[in-house]
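Chain by chain, the residues:
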There are 2 protein chains.
Amino acid sequence: MSFNLATILRESRRAHPDKPLCHLGELSLDYRQVDELSGRIAAGLRGLGLRPGDRVAVQLPNIPQFLFAYFGILKAGLIMVPLNPLLRAPEIAYHLTDSGARLLVTFETFAEEAVKAAAEVKTYVVNTPGSDARPAGTLSFDELYGADDETIAPANADDTAVLLYTSGTTGRPKGAELTHFQLYMNCTVAGELFGFRPDDVGLAVLPLFHVFGLSSVLNVAVRFGGTISLVPRFEIGPVLDALERHRCTVFTGVPTMYFAMLRADTAGRDLSALRVGVSGGAAIPGEVLRAFEDKFPGVVILEGYGLSETASTATFNVSAEQRRIASIGRPVWGVETLVVDEDGRPLPPGPEHVGEIVVRGHNVMKGYWNRPQATAEALRDGWFHTGDLAYADEDGYLFVVDRKKDLIVRGGYNVYPREVEEVLYTHPAVAEAAVIGRPDERLGEEVVACVALRPGAAATAEEVTAFCRERLASYKCPREVRFLDALPVGPTGKILKKELRA
Amino acid sequence: MSFNLATILRESRRAHPDKPLCHLGELSLDYRQVDELSGRIAAGLRGLGLRPGDRVAVQLPNIPQFLFAYFGILKAGLIMVPLNPLLRAPEIAYHLTDSGARLLVTFETFAEEAVKAAAEVKTYVVNTPGSDARPAGTLSFDELYGADDETIAPANADDTAVLLYTSGTTGRPKGAELTHFQLYMNCTVAGELFGFRPDDVGLAVLPLFHVFGLSSVLNVAVRFGGTISLVPRFEIGPVLDALERHRCTVFTGVPTMYFAMLRADTAGRDLSALRVGVSGGAAIPGEVLRAFEDKFPGVVILEGYGLSETASTATFNVSAEQRRIASIGRPVWGVETLVVDEDGRPLPPGPEHVGEIVVRGHNVMKGYWNRPQATAEALRDGWFHTGDLAYADEDGYLFVVDRKKDLIVRGGYNVYPREVEEVLYTHPAVAEAAVIGRPDERLGEEVVACVALRPGAAATAEEVTAFCRERLASYKCPREVRFLDALPVGPTGKILKKELRA
């Protein structure tokens, strides 16, 4: 019963060692190279005394070293903790402490920020080609390469492979424990659903530190022996270049990426290899979907739904024939979903029966790292409570009505208001703060801070925004600050966001 | 991460509820019926107060009730303990006690024997159609049906689903703990290897209480939404009838079954649907394989290897192009094998490097039920020690030489019984042959041949010995030949050397 997720790499390498696994611009690496280089990282990690179950944090953009680190960590039986490169020092420190990471791999560009946070954690820096700039006290990623080593540590199927931090409904980020089995099943089931074949080339522009990119892009491609084209950040030029140069067949993205592709000038470009678009992260409007398919004939967009805790796909629209536009589809193989009322009772179909989506199956996390209470709240009888509101139609297709009450989805990124509010509350002039989303054409939602100042205190919108920028990743920062005399509160003193939104 | 093996039934039922899952003669049951009836058994078991993790023993031939019981037990989160219908009362008692089974499902024909054994275990009897004969104190299987119930109990991937008793090398039978994950992976990987498709019809004549029938026939068919034709025991007439009537495409069997098919008169029968033969349980001689493919054009025989503890497939010959005759093939997806010496060191390829096969991967059992010491001996660093002796060729194909325990050491020389048996089988008068060792003061062990002659044929011990001397080194030749009417065989047709030695 031993199973290590790194088996997906080893078996695809056995099947075709010389096939490219990833491209990055003009650079290509085949399956043998990625298997060997990740084996050397595994050897290096073992050599440092890391033992099965130890955590290693990785804060890298979509570059080949992400793959070496990821599969190396897995092969050594360690737990991978992917971190968003945009995190600021206090956030990095929190993640390292909470996960108990023994080692951090980061990138030249973020290294200064990381070093502020990771004083007690050995830090390895990946440099851009030609550079060897590193903050004092850090080591080069190249020093992590050990000797050739084919060993893959045996793991139980239910052992944790990845700790994926997510804020969930409330509070500070929690590490969702994703198991070897769960991640294996998810990429297998999802890849089959959108028909990923060994000759497919997936565009990997979704960040690999996020569950959507990690599972639905990287793992799917490796599981089925295909290829990915790495794009370190979403900019339309490089994306179009990658699609064209590597003849990508599968585009996996969030709606904002589809908007950008729609607006882009693609005249003279040969994007004819593209055959499927996988959309998730937020609802894709029907008009966008149709316009995209008109602009790129032969492409079908399939929308799915999932969360970090469901690693990643929970529901999916299987094909052009079976999909329902505006629906997130039906549960995938081996996954059950229910729409339940506040007491956990299943609701009948129909748009008038809106309830919370709960999910059970192979795709559900083991729990939140060191958070027994949060785990018990989220997982009841094996059912994961998503906090997302939806209804089902007669055929079991789910329609999400509202992404959780308070969650803001800005350009595909989750912004958790409480986290921003906690920063606002540390500002000396702020008495009360509430963060809400307001509709935005381009990004879906924009972050808005509603603030009441302390008596006699003064602050400008620019000042408040700058204060946030120092402490939070840019995408979380409010773009608009509204000053109110006092925030509306309910009987228990809770701020009423509903009224603020109205 | 919850996953119950019964998901394979539920998902195939969702995909095509009206498709036949099993035939038995003129009777057919579709996916909806099997899902519903097994759901009612699950409800009945829950109603009796059985709780997840409790064991239920099932002693049934290949009839639809086996499926209702099996999937019902899984759906209720219980552990299935399949028993060989041929067991005698003391053996049944041993299995019930060792597993701690709380309930026994048995068949009319075996019920008297079972009742002697199962005094303290509630016993439910499946009757033959039209009969309601049951020993006093037993209940009818029909009383186990509860109300309609769609519930599938959540299980962890690493939870035990089936306790499969196996004698292993020594001692009393031990219960190999096969997990939900392990059985799921095995039927998925094996079915993909022999290309099992939804329109395939598998012949289910291998006993379903045995891992080969359970995993490679029943689970494979259900996983891929195909059909099986149940044949309660191997008799050539009913087998040919089933193959013809249900247009079976896949024949899964042990070599003795292939022998019988070869000898059978099939004139006037339309067996043209048959496309693949899966062989395991023992080595299939190359001549038998070729003769079979000549007799049934369009059929390719693919040989694999596995044990109860590897549930079932560990290695396989993938296709007519890639197979090597007389080899058991190479490890399947996600499985590693090594050939190791007595100190556990991997041996290089080549027929001169015979060692024990060890297996690691998703297909290996969790351990032996309540046998920590036997488990520690069998599983070291995740490697299961098979007790089978083999060598590998340069391309990784494995060739089994013999069972470790069957090895005869005569005057310091290793004699592999299988090699001697292969010579004996080429003697025109020999129908069945088995070679065993008997204790010898001077040489340690002496070589003994046990032989059953073909009807009407005659041969003397001297003749047989002389025949061997012409073809084998002197130290390998039997010094004694025992003639028997028939050799004792186990449930899958394997010759029982244990009994011959006694």
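What you are looking at is a predicted structure, and each value in this text was computed from that prediction instead of being measured. Residue positions within a chain follow its written sequence, with the count starting from 1. Whichever chain is written first becomes A and whichever ligand is written first becomes 1, with later ones labelled in order. Confidence filtering applies because this is a predicted model: local features only for residues at pLDDT of at least 70, side-chain atom pairs given and counted only at 80 or more, and all residues used for totals across whole chains, interfaces and linings. With hydrogens and water excluded, all non-hydrogen atoms of the structure serve as input to the side-chain values.

A. Focus on the overall build of chain A. Numbering of helices and strands starts at the N terminus; helices are DSSP runs of H or I of at least 4 residues and strands are runs of E of at least 2. Helix and strand counts for chain A stand at 14 helices and 27 strands. Both definitions apply: the radius of gyration is a C-alpha atom measure, and the globule rule equals 2.2 Å times residues to the power 0.38. For chain A, whose C-alpha radius of gyration is 22 Å, the value lies close to the compact-globule estimate of 23 Å for 502 residues. Projected onto its principal axes, the C-alpha coordinates of chain A cover approximately 65 × 55 × 50 Å. The buried share of chain A, reckoned over its 502 residues, is 60%. Note on classification: 1.4 Å probe, protein chains only; a residue is buried when its accessible area is under 20% of the maximum for its type, exposed when over 50%, partly exposed between these limits.

B. Just helix H13 (residues 461-471) of chain A, in detail. All names here are of chain A. Of all the residues in H13, the buried ones are Val464, Thr465, Phe467 and Cys468. Take H13 and look down its axis: the buried residues cluster within an arc of 155°, on one side only. Along H13, the residues that are exposed and aim more than 90 degrees away from the buried face are Glu462 and Glu470. Buried residues along H13 sit in contact with helix H12 (417-425) and strand S27 (480-484). It is the directions from the helix axis to the C-beta atoms that the arc portrays. Should any heavy atoms of two residues lie within 4.5 Å, those residues are counted as being in contact.

C. Representation of the domain arrangement of chain A in the model. Residues and elements named next belong to chain A. Domain limits in this description derive from either an automatic procedure or a database domain assignment. Looking at chain A, the domain boundaries give domain 1 (1-155), domain 2 (180-404) and domain 3 (408-501). One C-alpha centre belongs to domain 1, the other to domain 3, and the line joining them spans 35 Å. Each partner contributes residues to the interface: domain 1 has five residues there, and domain 3 has nine residues. Simply put, the buried area is the total loss of 1.4 Å probe accessible area from both parts when two parts are fitted together. Carbon and sulfur atoms make up 50% of the area that domain 1 and domain 3 hide from each other, which totals about 490 Å². By definition, a salt bridge exists where a carboxyl oxygen of Asp or Glu is found within 4 Å of a side-chain nitrogen of Lys or Arg. The interface formed by domain 1 and domain 3 holds one salt bridge in total. Residues glutamate 91 and lysine 476 are paired through a salt bridge, measuring 2.9 Å at the closest nitrogen-oxygen approach. The definition of a polar contact used here is a pair of N or O atoms within 3.5 Å, where within protein one atom must be able to donate a hydrogen and the other to accept one, and adjacent residues in sequence count solely through side-chain atom pairs. Taken together, the connections running from domain 1 to domain 3 amount to two residue pairs in polar contact (both at pLDDT 80 or more).

D. Examining the interface of chain B and chain A more closely. Across the contact, 31 residues belong to chain B and 31 residues belong to chain A. Both sides together, the interface formed by chain B and chain A hides about 2,500 Å², and carbon and sulfur atoms give 58% of it. Sorting the residues of chain B by area buried against chain A places Met1, Asp158 and Trp333 of chain B first, and these three jointly supply 30% of that buried surface. Between the two partners, chain B and chain A, sit zero salt bridges. Where chain B packs against chain A, one counts 11 residue pairs in polar contact (both at pLDDT 80 or more). Here the term charged refers only to Asp, Glu, Lys and Arg, the term nonpolar to Ala, Val, Leu, Ile, Met, Phe, Trp, Tyr, Cys and Pro, and the term polar to all other amino acids, Gly among them. Tallied by class, residues from the side of chain B that touches chain A come to 15 nonpolar, seven polar and nine charged.

E. Broad picture of the pattern of salt bridges. Residues and elements named next belong to chain B. Taken as a whole and assessed by the stated rule, the structure comprises 63 salt bridges over all chains. A salt bridge links aspartate 241 to arginine 269, with the shortest nitrogen-to-oxygen separation between them at 2.7 Å. Taken together, the residues aspartate 241 in helix H8 (residues 236-245) and arginine 269 in the loop between helix H9 (255-263) and strand S13 (276-279) connect sequence positions 28 residues apart. Classification of arginine 269 as partly exposed rests on a relative accessible area of 28%.

F. Looking closely at the sheet that holds strand S25 (residues 430-440) of chain A. Residues and elements named next belong to chain A. For two strands to be treated as a pair, DSSP must find at least two bridges joining them. With respect to topology, three strands assemble into an open sheet ordered S25-S26-S27, the strand pairing being mixed. Edge positions in the open sheet fall to S25 and S27, since each of these has one partner strand only. Put simply, the sheet's adjacent strands are angled 25° from each other on average, direction ignored. Here strand S26 (residues 444-453) pairs with S27 via five bridges, running parallel. Among the inter-strand pairings, alanine 452 is bridged to a residue of S27, identified as leucine 484. Angles run from 0 to 180 degrees between N-to-C directions of axes, and those axes are lines fitted to C-alpha atoms, restricted for helices to the stretch in contact. In the packing of H12 onto the sheet, contacts are made with S25 and S26, and the angle to S25 comes to roughly 145°.

G. Inspection of the nonpolar core at higher detail. Ranked by internal contacts, the top residues of the largest apolar core, which has 240 residues, are Phe66, Leu67, Tyr70 and Leu243 of chain A together with Phe66, Tyr70 and Leu243 of chain B. If we skip the residues at most four places from it in the chain, leucine 243 of chain B touches Leu203, Cys248, Phe251, Met261, Leu271 and Leu274 of chain B. Buried Ala, Val, Leu, Ile, Met, Phe, Trp, Tyr and Cys residues form a nonpolar core when they are joined through side-chain atoms within 4.5 Å. Leu424, Val464, Leu472 and Val481 of chain A belong to the second largest nonpolar core, which has 21 residues in total.

H. Just the pairing of strand S14 (residues 300-306) of chain A, in detail. Residue and element names in this part refer to chain A. Counting buried positions along S14 gives six out of seven residues, so the element sits mostly inside the fold. Summarising the sheet, strand S13 (residues 276-279) and S14 pair through four bridges and their orientation is parallel. Paired with glycine 277 across the bridge in S14 is isoleucine 301. Handedness of the crossover joining S13 and S14 through helix H10 (residues 286-295): right-handed. Throughout, right-handed denotes a crossover for which the path from the first strand over the helix to the second runs clockwise when the strands point away from the viewer.

I. Broad picture of the sheet that holds strand S27 (residues 480-484) of chain B. All names here are of chain B. A sheet is described by the order of its strands in space; here three strands give the open sequence S25-S26-S27, paired in mixed fashion. Each having just a single partner strand, strand S25 (430-440) and S27 make up the two edges of the open sheet. When strand polarity is set aside, the average angle formed by the axes of neighbouring strands in this sheet is 25°. Of the pairings in the sheet, the one linking S25 to strand S26 (residues 444-453) comprises 10 bridges and is antiparallel in character. Pairing of aspartate 440 across the sheet is with glycine 444, part of S26. The sheet contacts of helix H12 (residues 417-425) involve S25 and S26, and relative to S25 the element is tilted by about 145°.

J. The side chain of asparagine 127 of chain B, seen in detail. All names here are of chain B. Along the chain, asparagine 127 falls in the loop between strand S6 (122-126) and strand S7 (139-140). In this structure asparagine 127 comes out as buried when scored by relative accessible area, which is 17%. There is a polar contact of 2.5 Å between the side chain of asparagine 127 and the side chain of glutamate 108. At a separation of 2.7 Å, a polar atom in the side chain of asparagine 127 contacts the main-chain carbonyl oxygen of alanine 133. Leaving out residues up to four positions away in the same chain, asparagine 127 has contacts with Glu108, Asp132, Ala133 and Arg134.

K. Main features of the environment of glycine 137 of chain B. Residues and elements named next belong to chain B. Residue placement: glycine 137 occurs in the loop between S6 and S7. Accessibility expressed as a relative area gives 79% for glycine 137, which makes it exposed. Residues glycine 137 and tyrosine 124, spaced 13 residues apart in sequence, show a C-alpha to C-alpha distance of 9.5 Å.

L. Highlighting the side chain of asparagine 363 of chain A. As for its placement among the helices and strands, asparagine 363 of chain A is situated in the loop between strand S18 (355-361) and strand S19 (367-368). Apart from the residues lying within four places of it in its own chain, the contact partners of asparagine 363 of chain A are Gln182, Asn186, Glu309, Thr310, Ala311, Thr313, Ala314 and Val335 of chain A.

M. Region of the structure containing unusual backbone geometry. Serine 312 of chain A follows alanine 311 of chain A through a cis peptide bond whose omega is -20°. Here serine 312 of chain A lies in the loop between S14 and strand S15 (313-316). In this structure, aspartate 381 of chain A is a non-glycine residue whose phi angle is positive, near 55°. Residue class for aspartate 381 of chain A comes out exposed when judged on its relative accessible area of 67%. Positioned with a positive phi, alanine 326 of chain B is a non-glycine residue whose angle comes to about 80°.

N. Structural view of the packing of aromatic side chains. Note on aromatic pairs: the rings of Phe, Tyr and Trp (six-membered ring only in Trp) are paired at centre separations within 6.5 Å, and the planes decide the class, stacked below 30 degrees, edge-to-face beyond 60, tilted for the rest. In the structure shown here, the tally under the stated rule is 29 aromatic pairs over all chains. On the numbers, 6.3 Å between centres and 25° between planes, the contact of phenylalanine 3 of chain A with tryptophan 333 of chain B is stacked. Pair noted here: phenylalanine 3 of chain A is in the segment before helix H1 (7-15) and tryptophan 333 of chain B is in the loop between strand S16 (330-331) and strand S17 (335-340), and the two residues belong to different chains. There is no split in this pair, since phenylalanine 3 of chain A and tryptophan 333 of chain B are both buried.

O. Structural detail: the environment of alanine 459 of chain B. Residues and elements named next belong to chain B. Looking at the element boundaries, alanine 459 is found in the loop between S26 and helix H13 (461-469). In the structure, alanine 459 is positioned 29 residues away from valine 430 in sequence and 8.5 Å away in space, judged by C-alpha atoms. Other than its neighbours up to four places away in sequence, alanine 459 contacts His427, Ala429, Leu453, Val464 and Phe483.

P. Just helix H9 (residues 255-263) of chain A, in detail. Residues and elements named next belong to chain A. A large share of H9 lies buried, amounting to seven of its nine residues. Residues Pro255, Thr256, Met257, Tyr258, Phe259, Ala260 and Met261 constitute the buried set of H9. Its buried side turned inward, H9 meets helix H8 (236-245), strand S12 (250-253), S13, H10 and S14.

Q. Highlighting the environment of proline 478 of chain B. All names here are of chain B. Examined against the element boundaries, proline 478 turns out to sit in the loop between H13 and S27. Once the C-alpha coordinates of proline 478 and isoleucine 436 are considered, the two residues, 42 residues apart in sequence, prove to be 9.1 Å apart. Leaving out residues up to four positions away in the same chain, proline 478 has contacts with Val420, Val447, Val448, Ala449, Thr465 and Cys468.

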